[in-house]
Amino acid sequence: KKKKKKKKKPLLVVGLFWKATCCLVFGKLQEQPVTTVMKLLMLSAKLGMGITEALISVWATVWVQRNAPHDARARWLGFAGTSAGIGNGVGSGMASLWNPIYAFFLQAFILFLIWASLLLTPARFFRFGGPMQSSEHGDSEDGDPLMPDLQFGSQMLVQQVVRGVAVAVHHENIVTLESMKMPGHYLDASDEPLDHGFKVRITKGDTTDGTWSQFKMTQAEHDVGLTSFESVRLPGHFLDVSGESLGWRGTRVKVRISEFEHEGAEEEEEGKIAEHSSIAWAYYRLRSVGSERGLFHIESERLPGFYLNATGEKMTRGTRVCMAKEDPNVADWAVFKIQDFTGHYEGPVAVDFSAEATMLGRLSLLLKNPIWLFTAMAISLNCFVTSGISFMWQNTIDNVWGMGNAWSYFLFIFSTGIGGLVGVVVGPKIFDQMLGGFVFPQGKARCLLWAKRMTFLAALCSTACTMLMVEKSAHLVYSNEQSVVYWQLAVLVFCIFGIFFCINSITGTLYGINTESVNEEARPFAAGLTVSFQNVFGYAFGPLLPSIASQVVGSCVRDSWPQWPWNQEAVDGAKYAAGMSYALASTWVLFFFARKAAVSARLAHISVRSFSQSFRSAAGFREPLSPTLTG
């Protein structure tokens, strides 16, 4: 049966009218004498504003995501996502330069004008629109006009399979590598990222619990004596002798899991042996040990005389593994037992995010989605940083540098407003035009990698500001007098300009990837939870925690030296400088979640290759041969 479409315009009309009414009521209540009843009524009006604001925010995010062109989605979502930040900044400025009561009346008046425009707008403009058709992107780089019935994700998988058909199939089978120095400990391809590839270690565990210990052992076609080890957990990534020295002696080098990229079937066929030296990092020679079957020394082809070494040195997780240039026959540090994997791993259980699921069930499924979770937290920390800086700005500039409201607001508009606007304009050029958007898993991984870099740049700017504000706070306490140094103010303004530029340039991309990380029916619920995250962890905690930090510093200064004749201006300057430093330092938490999101997207893109291999088998392509492991 055809589903009946839900009308969205009436809900939006009611929500916006309620929002405007609550703003008007809140302004009127502020004119009344302060009593307990008035406080409760004001809190109720504030609650009404928040509920309807969330309603509109959820609808707007999903609407923009569904209707924006795929090659301009970061731009659309960037303007939509930063609108709240811009409104927050303008509202703070209006409240500081004008009577706050009149500011609420002005807000209610503007909302009623928007509500009237909403009434006159045809309902068809508020529909989400149907699913995007692949024919719309038939001429694009990522689309495929020969496969019009497949959605974006499936198109990419099929294209990978078609490209992989031309690659020669070698002798291969799935194995585990057990250290004889530490029985029960296996070579582990971890999901902890490096700048190039992933960490590898020796870990004790159940080899049937996931694919962490499984490797696809492949014999080279041009030399059957050479073997490579591809991680089953990270398809396309091979055991790699990096060549980086480990320690000062130079007898040990680092090992990692690195990606091998094919340059095309023709080039591969023409230069298999000629290019042998360039791909030697992925090949090893197995030297049999004794008469027991499956025991080997694993020697690097890239670095002859270097053998895989189970050092036994403790790491945060597992023990260190490296390549060592030592006699492998001394002790059993270089002996590994290579055996066929005989266990059975079912893989992750598929779940259906259906309308019949309970609220807690939906929440549980959503929190298990790492890309959604980490992008939602990154969005929340984005709001935390912007709202925290905006909240502390007026008091910091006034009490530390003694500037009035007019100059303070001017510097605020320059550093946060213009900086954010430039970021909104430049960000889409990076993510939409240079990186090609985030429609495909590869695009999501690439965009989040750049988002991580941008947040790292913002964190560096925040570090300079934080050190400056901490020094300023300590100096004010030590000297017990106000001191104005304008070059410090200039550094603060330009660093905050850089912070807002970096943060606002990635906002649209974070919103887009967050929304697209879940399936179609889950998006309204996911968008609503994201808005809840940003309102609670961002806009609520952003002003709250820095203000608490400033009050704690002010109280501690007076409580520590109660008899000292403190200069009130110096104490106020010190505590607001400390509060601003707290808001600035939180940029590193934003970088942490952006990095986790980038890693999750990278792993999701890699895992796609597992599907492509299954698709190849299902399509009837040639199956690999399985050699026998003999001594």
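Provided above is the structure to which this section pertains.
Fair warning: this is a prediction, and the values are worked out from it, not measured in the lab. (Residues numbered from 1 in each chain as written. Predicted model: local features only at pLDDT ≥ 70, side-chain atom pairs only at ≥ 80, totals over all residues. Heavy atoms only, no water.)

**Q** Please set out the packing of aromatic side chains residue by residue, giving values where relevant.
**A** Tallied over the full model, the rule gives 20 aromatic pairs. Seen from their ring centres, F112 and W115 are 6.5 Å apart, and the 85° between their planes marks the pair as edge-to-face. One end of the pair is F112 and the other is W115, both in helix α4 (residues 100-120) and 3 residues apart, which spans about a single turn. Taking relative accessible area as the criterion, F112 reaches 26% and is therefore assigned partly exposed. Taken together through their ring pairs, the aromatic side chains of W372, F533, F537 and F541 make up a single cluster. Its end group placed over the ring of W450, R453 keeps NZ or CZ at 5.2 Å from the ring centre. Residue placement shows R602 over the ring face of F198; its charged tip is 4.1 Å from the ring centre. (Phe/Tyr/Trp six-rings, centres within 6.5 Å; stacked < 30°, edge-to-face > 60°. Helix = DSSP H or I, 4+ residues; strand = E, 2+ residues; numbered from the N terminus. Buried < 20%, exposed > 50% of the residue type's maximum accessible area, 1.4 Å probe, protein only. Lys NZ or Arg CZ within 6 Å of the ring centre and 35° of its normal.)

**Q** Summarise unusual backbone geometry; cite the residues concerned and give the values.
**A** In this structure, A331 takes a positive phi of about 65° despite not being glycine. Counting through the fold element by element, A331 comes out in the loop between β11 (319-324) and β12 (335-340). Here A331 falls in the exposed class, since its relative accessible area comes to 58%. Non-glycine residue N480 carries a positive phi angle of around 55°. On the secondary structure map, N480 appears in the loop between α10 (441-479) and α11 (486-516). Given a relative accessible area of 14%, N480 falls into the buried group.

**Q** So what about the nonpolar core? Which residues, and what values?
**A** Counting residues in each nonpolar core, the largest one holds 65 residues, and the members touching the most others are W372, I389, W393, W401, L492, I496 and L584. Listed by contribution, the elements that provide at least two residues to this core are α8 (370-401), α9 (405-434), α10, α11, α12 (523-560), α13 (568-585) and α14 (587-618). No other element matches the 16 residues that α8 contributes to this core. Not counting chain neighbours up to four residues away, the residues in contact with I389 comprise I496, F500, M580, A583 and L584. Counting residues in each nonpolar core, the second largest holds 28 residues, with F215, M217, F306 and I606 among its members. (Core = buried A, V, L, I, M, F, W, Y, C linked by side-chain atoms within 4.5 Å. Contact = heavy atoms within 4.5 Å.)

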